[in-house]
Amino acid sequence: MKSIAIAAVLILAGSLCALTIGDWQNIRFSGKNAAGQVFLRTEIAQEELLANNYLYNPGSGVTEYNFNLQDPATLTYQGTLQVGSSRRYLGLKKQSAGSVNQLVPVFYEGTGLPALTQLTTASTDALNDNSTNYYDIAADYVTFTDTKFCTAIQNRGGGFPTSASFGTVYPSYMSVIAAPDTDPNDPNVTVWALAYMSVPLGGISPGLFKITGTGTDDLVRIGNIETNIVSGSNLLIMSCNIADLLADPDFAAWYNTADPVFGMMTLINKTTVIPFATTNQDQSPGALVRPRKLYVDPTPNTVPWMDGSSFLVNDAGVFFTGVYHDAEGNFPLTAEIEIQGGPSYPLLPQSLDYTAGVLHSTEDLSGILAEYDGGQARTSVSDDDINFQRGEWFSFTYILGLLGPEQLSVQISDGNVLLAWAPVTQTLLGNPVAPDLYRVEASATPDFADYQILGISSGTSFSFASDPESPQQFYRVVAVKYTS
């Protein structure tokens, strides 16, 4: 019995931190839009997924929906949830080549055993790999409450008999739980099972068991289970108390209540009396289960805001930036910079933890942004595309280059030099501009390979003393406009 369970539980380890659950990084939500929808986003650092789904109950039962790749550069996936005015629980499921399903089951809010529609599918199994229908697994399921693990086994039919062949054969149906780092080659590994079986002569009845070996003495009952057979669905539903598992020191040694994860699979075995032997009849692919509450609360919702707006020009390029804030930690459906009388540009997050302010920035606008002399810009953000917060207008200037001053004249009198020029009124692109200042430069050679700055002028003239040690000087005036 035990050796079969060990061989089938091939599990990967995971971690949990803030709104990260295993491979689902930075799980976050938007506000609820006018259509009653909330958007879910997460990063999964894995390409070519065989399955990638989010799950919730829209009213007809737990349903799986496909994630869409929202941003290939960051491997960000997005889903859409239809929500009302109350909390919506949801789950996650993914699979990659060569691995079992990894899933976050949808939390069960009820008190009794869940119905099939309230269970999350852990795995499906090929049919007709056993000629006896009640030995043939079709699928297995899992969910959890604050105090219980709930599992279910679905077979091809025939119910779930616990004895056959006039009491010489005893079928058993088990939902096996193991540590996520279980080594299938370790003969000393321990597993736990919600087991539906009845062997009166051995004193065995349905219960929660710790399995430490292959003999009957290695089958240790540690708790009771609740069971229900739903004949119309060929379903056996079972639940156990989490406290019974945690009371076992061997289970508590590896199960992390802050980062809960375990491997689960279904086994159907047959024990014969003559000769006495236990053989496996079928087993499911199983899953890596992370029983973590995941939910979205669509209300209350406050309007987000953005502060610290700025315009930056540096070696990296040209950017508008701002810091986004949301009291509920929602990400924005709209975040952009609006230019008065001009276009708008998206503001993209520079980090993905919305529990604090998140710096947003445009892409590099070099070669895209037009010239502006005293332009006006403001931020616009919304997490539901219903209510928007628009920031105060702020000024910015972006000039690619200025024309050189024309009509430059030089007058030398009594050891003084007076330079004068016509004002610069246009950029290199021909747009009107008012320079902030003019810089006056001097050089001994006309190529200005080496020059000195004589000073600056806010007007169109500049006077200075001539240099008697430099009988020949060349002068240049440069119009300056600060980008801000």
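Refer to the structure presented above.
Description of the structure in this document. Bear in mind the structure is a predicted one, so any value in this text is a computation, not a measurement.

## So, the overall build of the protein chain
Within the protein chain one finds three helices and 38 strands. A compact globule built from 484 residues should have a C-alpha radius of gyration of about 23 Å, whereas the protein chain, at 36 Å, is more than 25% larger. For the protein chain, the residues scored as buried account for 48% of the 484 residues in total. Sequence separation of at least 24 residues holds for 61% of the intrachain contacts in the protein chain that already meet a minimum separation of 6. Just so you have it, the protein chain exposes about 22400 Å², and 50% of that area is on carbon and sulfur atoms. Looking at charge distribution, the protein chain has the averaged site of its 21 positive side-chain charges lying 11 Å from that of its 47 negative ones.

## Focus on the sheet that holds strand S33 (residues 409-413)
Here we have three strands laid out as an open sheet, ordered S33-S34-S37, and antiparallel in their pairing. Edge positions in the sheet fall to S33 and strand S37 (461-465), since each has one partner strand and no second. Here the average twist between neighbouring strands, direction ignored, is 15°.

## What to know about the packing of aromatic side chains
Enumeration according to the criterion identifies 27 aromatic pairs in this entry. Considering the side-chain rings of Tyr 54 and Tyr 65, the 5.5 Å spacing of their centres and the 20° angle between planes classify their relative orientation as stacked. In this pair, Tyr 54 sits in strand S5 (residues 51-56) while Tyr 65 sits in strand S6 (residues 63-66), placing the two residues 11 residues apart along the sequence. Classification of Tyr 65 as partly exposed rests on a relative accessible area of 25%. Pairing Trp 254 with Tyr 255 gives two aromatic rings, centres 5.8 Å apart and planes at 80°, and the pair type is edge-to-face. Its relative accessible area of 9% is what places Tyr 255 among the buried residues. Aromatic rings pair up to connect Phe 149, Trp 192, Phe 251, Trp 254, Tyr 255 and Phe 262 into one cluster. The ring of Tyr 451 carries the charged tip of Arg 476 above its face, separated from the ring centre by 5.2 Å.

Here is what the cut-offs are and how they apply
Residues numbered from 1 in each chain as written. Predicted model: local features only at pLDDT ≥ 70, side-chain atom pairs only at ≥ 80, totals over all residues. Heavy atoms only, no water. Helix = DSSP H or I, 4+ residues; strand = E, 2+ residues; numbered from the N terminus. Rg over C-alpha atoms; globule rule 2.2 N^0.38 Å. Buried < 20%, exposed > 50% of the residue type's maximum accessible area, 1.4 Å probe, protein only. Contact = heavy atoms within 4.5 Å. Areas by Shrake-Rupley, 256 points an atom, 1.4 Å probe, with all protein chains shown as cover. Lys, Arg positive; Asp, Glu negative; His and termini not counted. Charge placed at Lys NZ, Arg CZ, Asp CG, Glu CD. Pairing = 2+ DSSP bridges. Axes fitted to C-alpha atoms, helices over the stretch in contact; angles between N-to-C directions. Phe/Tyr/Trp six-rings, centres within 6.5 Å; stacked < 30°, edge-to-face > 60°. Lys NZ or Arg CZ within 6 Å of the ring centre and 35° of its normal.

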